[in-house]
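# A closer look at the structure
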Amino acid sequence: MATKGNSGENRTRGSMSLFIVVGLCCFFYILGAWQRSGFGKGDSIALEITKKTDCSILSNLNYETHHGGDAGTVDDSESNFQEFKPCDDRYIDYTPCQDQMRAMLFPRKNMNYRERHCPPPDEKLHCLIPAPKGYATPFRWPKSRDYVPYANAPYKSLTVEKAVQNWIQYEGNVFRFPGGGTQFPHGADAYIEELASVIPMDSGMVRTALDTGCGVASWGAYLFKKNVITMSFAPRDSHEAQVQFALERGVPAVIGVLGTIKLPYSSRAFDMAHCSRCLIPWSANELKISALKDLKFSTITWILGIQVYVNRYIMEIFSADGMYMMEIDRVLRPGGYWVLSGPLINWRTNYQAWQRPIKELEEEQRKIEEIAKLLCWEKKHEKGETAIWQKRINYDYCQEQDTQPTMCESTDAEDVWYKKMEACVTPYPETTGPDKVVGGTWKSFPERLNAVPFRISSGSIKGIGVEAYQEDNRSWRKHVNSYKRINKILDSGRYRNIMDMNAGLGSFAAAIESPKLWVMNVMPTIAEKDTLGVIYERGLIGIYHDWCEAFSTYPRTYDLIHANGVFTLYKDKCNAEDILLEMDRILRPEGAVIIRDQADVLVKVRKIVGGMRWNTKIIDHEDGPLVTEKILFAVKRYWVTENVTSSP
């Protein structure tokens, strides 16, 4: 009897202790909200107590990886939702706007068929893209640079096609990336060191790079050693899954091509641009179909397709004189560098291997040199098969040239989304003197991450001054600190590939900056203020995109997606369900999502994702429950194609 009495007394005391703890939490939480509302006294004391009383930790969202079975616990959100079924297995690597079958319906001229061609609304999928059988969470960086689980991208064609070039090797249940490339079969490190002897990579002055025709992005992968972040792109073509491999390695990349439309980047964005045997026709291609009668090819040659340049130069891939170099000039910062490496630079040695006439190669290099001169680029280096040019710091250096290029008439150099590429040069902004650098003097990284960008200090972004920029930085540091209290592994290296769907000034990316991760800062094309140029000035990378369409990437390529105000922004533009399904497509199994928006919007969002195999929780704003903006945290459950018929 005594034992029972003591047990009951202990339960009473335990209940009373629990009641007191909960009561204190609630009291200080309300007190904190009250003082933040502006009505309370003793604000500083209440704020400190609120900070130390951490009552907002979520206990039912499991952020750890499991590789099999559902991650996390069952969500307690409302069960009244529409269940989304898994898509058919043939859609495992579906890229809606770069679908191979749809691409064949468009002209091959200027690579138009490799550009974005999105499905009409009635052809959009309303199902969940499954992961392949055996899918595993990628290795953590830097191991992921060298190894990718075979099950995540089970395509061996490149291991055969590029075997002698050390792109990729298949070893058991993983792919290994030795760091080689077509132009650097013995490793990217030595190649990068050669470039660094001319380009100031080690000082932090060169931070952002663009790799055109990137392959599996080994150049960008090894540039991280120099603290250089590279935006790599390549088309979805016969080189199966090259961009997918890049992202599985933890390297920024998108599906893209230099074709008929402008690149989705702001002007004066990159410190350096690079082409290593990228097969882009930089000079004018005047080899017309009618010229076929002058080419002496045997029937066997045609059948076997031995002549490489038949595919490259005769399949109507023609461009106006230097148009692609002019587009590189648009996205290159004044003072930035362009690297071109490949047999063209050393054609006298390689013309036989290329099986191309000497005069043709000589003429092609001559035209590239002429276009570079027209663009007022200064040639800084040529050795072996590598040449480096530098863009002038302002237009004063170019006015004495005998020949002047055609200047673009558009007054908005950032208006590029689905805009046709033009054979014209984007004008330099004006400077106050002949020695002044357009866009301001370069700052090294990481100093430039939080320094006031020139576009802000010069008043180029209307309505955003220095004070507003600095306040935005402070706010996002506070937000990210709050995120880390909820998701305690946010900065552990678990999340390598991060996307910010509505990046603003890039302050979220700046606050979370770490060698363990990178952020793809997306500038919605319908955003009130275009600040992508500010993001690049900070030494970050980003891209224009319209979230009414699919993003230019493969499924399962991001570990964490951050969406600030996205659903309010697109409320009257397109269906929230379509945006959420796209988020699910590009999010890895067991990946995390953070959505900030108005409370009523998040309630609707949670109802939709309730049928998408996500575990979710909505919590109050950091400043308390009286703030109408709330935060939804979510984790995508692990499931693969072998169990697509199971219920969520």
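Conventions used here
- Residues numbered from 1 in each chain as written.
- Predicted model: local features only at pLDDT ≥ 70, side-chain atom pairs only at ≥ 80, totals over all residues.
- Heavy atoms only, no water.
- Phe/Tyr/Trp six-rings, centres within 6.5 Å; stacked < 30°, edge-to-face > 60°.
- Helix = DSSP H or I, 4+ residues; strand = E, 2+ residues; numbered from the N terminus.
- Lys NZ or Arg CZ within 6 Å of the ring centre and 35° of its normal.
- Pairing = 2+ DSSP bridges.
- Axes fitted to C-alpha atoms, helices over the stretch in contact; angles between N-to-C directions.
- Buried < 20%, exposed > 50% of the residue type's maximum accessible area, 1.4 Å probe, protein only.
- Right-handed = clockwise from strand over helix to strand, strands pointing away.
- Contact = heavy atoms within 4.5 Å.

Going by an unreviewed UniProt entry, the chain carries the name Methyltransferase PMT2 and comes from Citrus sinensis.

### Some points on the packing of aromatic side chains
This structure, assessed with the given rule, holds 19 aromatic pairs. A centroid spacing of 5.3 Å and a plane angle of 70° characterise the contact between W141 and F224, whose relative ring orientation is edge-to-face. Of this pair, W141 sits in the loop between α3 (100-103) and α4 (143-146) while F224 sits in the loop between α7 (218-223) and β5 (229-234), and the two are 83 residues apart along the sequence. On the numbers, 5.7 Å between centres and 15° between planes, the contact of W547 with F551 is stacked. Taken together, Y150, Y170, F175, F177 and F245 form an aromatic cluster joined through their ring pairs. Lying over the aromatic face of F139, K143 brings its terminal NZ or CZ to 4.4 Å of the ring centre. It is R333 that lies over the ring of W442; its NZ or CZ is 4.4 Å from the centre.

### A closer look at the sheet that holds strand β1 (residues 147-149)
Read across the sheet, three strands follow the order β1-β3-β2 without closing on themselves; strand pairing throughout is antiparallel. Because the sheet does not close on itself, it has two edges, and the strands there are β1 and β2 (169-171). Ignoring strand direction, the axes of neighbouring strands in this sheet form an average angle of 30°. Sheet topology note: the β1/strand β3 (residues 174-176) ladder contains three bridges and is antiparallel. By the bridge assignment, V148 is partnered in β3 with F175.

### Considerations on the pairing of β5
Taken across its six residues, β5 has six buried, putting it largely inside the fold. Examined bridge by bridge, strand β4 (residues 208-212) and β5 share five bridges and lie parallel to one another. Considered in β5, the bridge of D211 is made with S232. Between the parallel pair β4 and β5, the chain is carried across by α7, and the sense of this crossover is right-handed. In this structure, β5 lies alongside strand β6 (residues 253-255), joined through three bridges in parallel fashion. The residue of β6 that forms the bridge with A234 is I255.

### What about the sheet that holds strand β13 (residues 541-545)?
Strand order across the open sheet formed by seven strands is β13-β12-β11-β14-β15-β17-β16, with mixed pairing between neighbours. Lying at the two open borders of the sheet, with one neighbouring strand each, are β13 and β16 (614-620). Between one strand axis and the next, the sheet turns through 20° on average, direction left out of account. As defined by bridge partners, β16 adjoins strand β17 (residues 629-636) across seven bridges and the pair is classed as antiparallel. Looking at β17, one finds that W614 is bridged to K636. The sheet strands contacting helix α21 (residues 599-609) are β15 (587-598), β16 and β17, and the helix crosses β15 at an angle near 155°.

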